[in-house]
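So the chains spell out like this:
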Amino acid sequence: MREANNRVKLDAEKLVVFEGKKEHLKKEAKSVLEDAIENEFETVLVLGIKNQKIYCTSSAISDVLSFLGMIEALKQHFLENWE
């Protein structure tokens, strides 16, 4: 389902549950985003889980096909380099 502002919402039946306190998770997310700013990345993808739903957004991708292409490239990178 496509939403405004480059956000894609997907229903998810089975998700990984992250253990930890909410404040700790917020600090970790903020740290990751600050790191992306410091590294001056051209594009940033954000995948989040809330209330058993997956939310996706990006900084510079305006269409779903490009977003999926970037996720596919990420998948291939992990498959080829996972140690």
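Going by the structure above, here's the rest.
All of these numbers come straight from a predicted model, not from anything done at the bench.

Rules and cut-offs
Residues numbered from 1 in each chain as written. Predicted model: local features only at pLDDT ≥ 70, side-chain atom pairs only at ≥ 80, totals over all residues. Heavy atoms only, no water. Helix = DSSP H or I, 4+ residues; strand = E, 2+ residues; numbered from the N terminus. Buried < 20%, exposed > 50% of the residue type's maximum accessible area, 1.4 Å probe, protein only. Contact = heavy atoms within 4.5 Å. Pairing = 2+ DSSP bridges. Salt bridge = Lys/Arg side-chain N within 4 Å of Asp/Glu carboxyl O. Patch = residues over 30% accessible without salt bridge, like charges linked within 9 Å, V, L, I, M, F, W, Y side chains within 5 Å. Areas by Shrake-Rupley, 256 points an atom, 1.4 Å probe, with all protein chains shown as cover.

Engineer: Explain the overall build of the protein chain to me, please; I cannot follow it from the model alone.
Structural biologist: Helix and strand counts for the protein chain stand at two helices and four strands. Overall, the protein chain shows an N-to-C arrangement of helices and strands of β-β-α-β-β-α. Burial analysis of the protein chain (83 residues in total) assigns 11% to the buried set. In the protein chain, once contacts between residues fewer than 6 apart in sequence are set aside, the share between residues at least 24 apart is 50%.

Engineer: Please explain the pairing of strand β3 (residues 45–50) as it appears in this structure.
Structural biologist: In the case of a regular strand, side chains alternate between the two sheet surfaces. Sheet topology note: the β3/strand β4 (residues 53–58) ladder contains six bridges and is antiparallel. Counted as the bridge partner of leucine 47 is cysteine 56 from β4. Counted between consecutive antiparallel strands, the loop separating β3 from β4 contains two residues, among which asparagine 51 sits at a positive phi close to 50°.

Engineer: Where do I start with the pattern of salt bridges in this structure?
Structural biologist: Oppositely charged side chains are able to pair whenever their charged atoms sit close together. What the rule picks out here adds up to one salt bridge. A salt bridge links glutamate 72 to lysine 75; its shortest N-O distance comes to 3.5 Å. Within this pair, glutamate 72 and its partner lysine 75 are both found in helix α2 (residues 64–81), separated by three residues, close to a single helical turn.

Engineer: Looking at this structure, how should I read unusual backbone geometry?
Structural biologist: Leave glycine aside and you will find that most residues have negative phi; peptide bonds, for their part, are mostly trans. Even without being glycine, asparagine 51 reaches a positive phi, approximately 50°. Residue placement: asparagine 51 occurs in the loop between β3 and β4. Owing to a relative accessible area of 66%, asparagine 51 belongs among the exposed residues under this scheme. In this structure, glutamine 52 takes a positive phi of about 65° despite not being glycine. With respect to the secondary-structure elements, glutamine 52 resides in the loop between β3 and β4.

Engineer: Sorry, what's going on with a nonpolar patch on the surface here?
Structural biologist: Taken together, Leu74, Phe78 and Trp82 make up a surface patch of nonpolar side chains, about 370 Å² in accessible area. Within the secondary structure, tryptophan 82 is located in the segment after α2.

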